[in-house]
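Fold and contact review
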Amino acid sequence: MGRVFKSELYSMAHSRLFWIVAALLIMFTVLTVSIGVAYHQPSERFYFLTGGRDPELEAAVYELDLMGGLENHLYYWEGRREYQLSPTAYAVISELPEYRYLLERGDFLHCYEIPPERYDIDESNIFEEWAVTGILSEFAGAAIASLFFAVFFFGRAHSHRRYIANAMFGVKRRDIVLGRLLVYLIACMGMIIIETVLSIVIYAPRVPELYGYAPILRGIVAQLTFGLFFCGIAFVFPVLIKKSVIAFFVSGFILTRSFTYSESISIFNMYYDAIDRTVTGEGFFTAYLPLLACTIAAFAVATAASVLYMQRARLK
């Protein structure tokens, strides 16, 4: 196993293609996190909670003769029975004493909004409160990336006849799998850690300042363990299935189905439970240990299946 490990590690470290693929997958994962970040980024909003149409309010804003017309600066939400005022209109009204009474109305609301929740304008750390756990909960991109990487890492061994070459040199097939798996594990851990750290640095740089590094470290540990669970499941398919494209679609189908029923699958609930405890740290390890056990079990089963297959396979 040591010989295969050193050989694979050397090949990986000196492979330009590997570094390009790893960089692209990291960029893809970080980009997917931005989708959740954009949705949860607080926006400054201005509302009139009138409970119905208000002709007097509409007439007052209409008199301002703002560019774009009334409908672009005072929008009435039928379902909510309230008005949303544009930032441009708010700025103009704030500068005109004769119209400032509109902002002093009892039904005027100046707030931050992360749909569907609204927060007081003084609550400036809303996004960071979400970011501590929210960014760490964005695992879809990392799960998809693990499929690509597993097929790239193990599927190329079929196409490059690396399994055959090692077997011809008398290396035990168990050692072929374990040696290559160990390098794969190291690469996956490195990618997951880099992805998580980059996401926090890019999207939530104030989190360490407000909450310290302990919650971040707990979150990284939980996300690393959860990410490795998917890596453990993903690697078995390109080992068992020689056609890389088929291996990718089979593992992708299983992954998609797991997302569909995520609320009823224990591993997802374990992960969310651990993430929810990252800030305070209370009961974190109690929630984390079952997650760790599931990840170890996934790797153990996948490794056993791969070794058994390699021992029985006829390599040509």
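Our subject in this report is the structure included herewith.

Parameters and conventions
- Residues numbered from 1 in each chain as written.
- Predicted model: local features only at pLDDT ≥ 70, side-chain atom pairs only at ≥ 80, totals over all residues.
- Heavy atoms only, no water.
- Helix = DSSP H or I, 4+ residues; strand = E, 2+ residues; numbered from the N terminus.
- Areas by Shrake-Rupley, 256 points an atom, 1.4 Å probe, with all protein chains shown as cover.
- Buried < 20%, exposed > 50% of the residue type's maximum accessible area, 1.4 Å probe, protein only.
- Arc of directions from axis to C-beta.
- Pairing = 2+ DSSP bridges.
- Axes fitted to C-alpha atoms, helices over the stretch in contact; angles between N-to-C directions.
- Parallel < 35°, antiparallel > 145°, perpendicular 65-115°, else oblique.
- Left-handed = near helix turned anticlockwise from the far one by under 90°.
- Contact = heavy atoms within 4.5 Å.
- Nonpolar A, V, L, I, M, F, W, Y, C, P; charged D, E, K, R; others polar.

With that settled, the discussion passes to the overall build of the protein. In terms of helices and strands, the protein carries 14 helices and five strands. By element, 62% of the accessible surface of the protein is carried by carbon and sulfur atoms, the whole surface being about 16,700 Å².

Turning our attention to unusual backbone geometry. Omega for the bond connecting Pro115 with Pro116 falls within 30 degrees of zero, at 0°, which places this linkage in the cis form. Mapping Pro116 onto the fold places it in the loop between strand E4 (108-114) and strand E5 (117-120). In this model, Arg81 sits at a positive phi of 60°, which is unusual for a non-glycine residue. Arg81 gets classed as partly exposed once you look at its relative accessible area, which sits at 46%.

A few words on helix H13 (residues 266-276). Turning to H13, its buried residues are Ile267, Phe268, Tyr271, Ala274 and Ile275. On an axial view of H13, the arc spanned by its buried residues comes to 130°, and they lie on one face.

Regular strands place their side chains on alternate faces of the sheet. Summarising the sheet, strand E1 (residues 43-48) and E4 pair through six bridges and their orientation is antiparallel. Bridge pairing in E4 places Phe46 opposite His110. As judged from the three bridges shared by E1 and strand E3 (residues 82-85), these two strands associate in the antiparallel manner. What sits directly across from Tyr47, in E3, is Gln84.

Turning next to the sheet that holds E1. The strands that make up a sheet pair up through hydrogen bonds in the backbone, lying either parallel or antiparallel. The strand order E2-E3-E1-E4-E5 describes an open sheet built from five strands, whose pairing is antiparallel. Of all the strands in the sheet, just strand E2 (74-77) and E5 have a single pairing partner and so form its edges. When strand polarity is set aside, the average angle formed by the axes of neighbouring strands in this sheet is 45°.

A word on the packing of helix H10 (residues 214-234) against H13. Two elements in contact, H10 and H13, have axes whose closest approach is 9 Å; the angle formed by their N-to-C orientations is 165°. The angle between H10 and H13 falls in the class roughly antiparallel. Every pair of crossing elements has a handedness; the one defined by H10 and H13 is left-handed. Contacts between H10 and H13 involve Gly219, Ala222, Gln223, Phe226, Phe229 and Phe230 from the former and Ile267, Phe268, Tyr271, Ala274 and Ile275 from the latter. Class assignment for the residues of the contact of H10 with H13 results in nine nonpolar, two polar and no charged.

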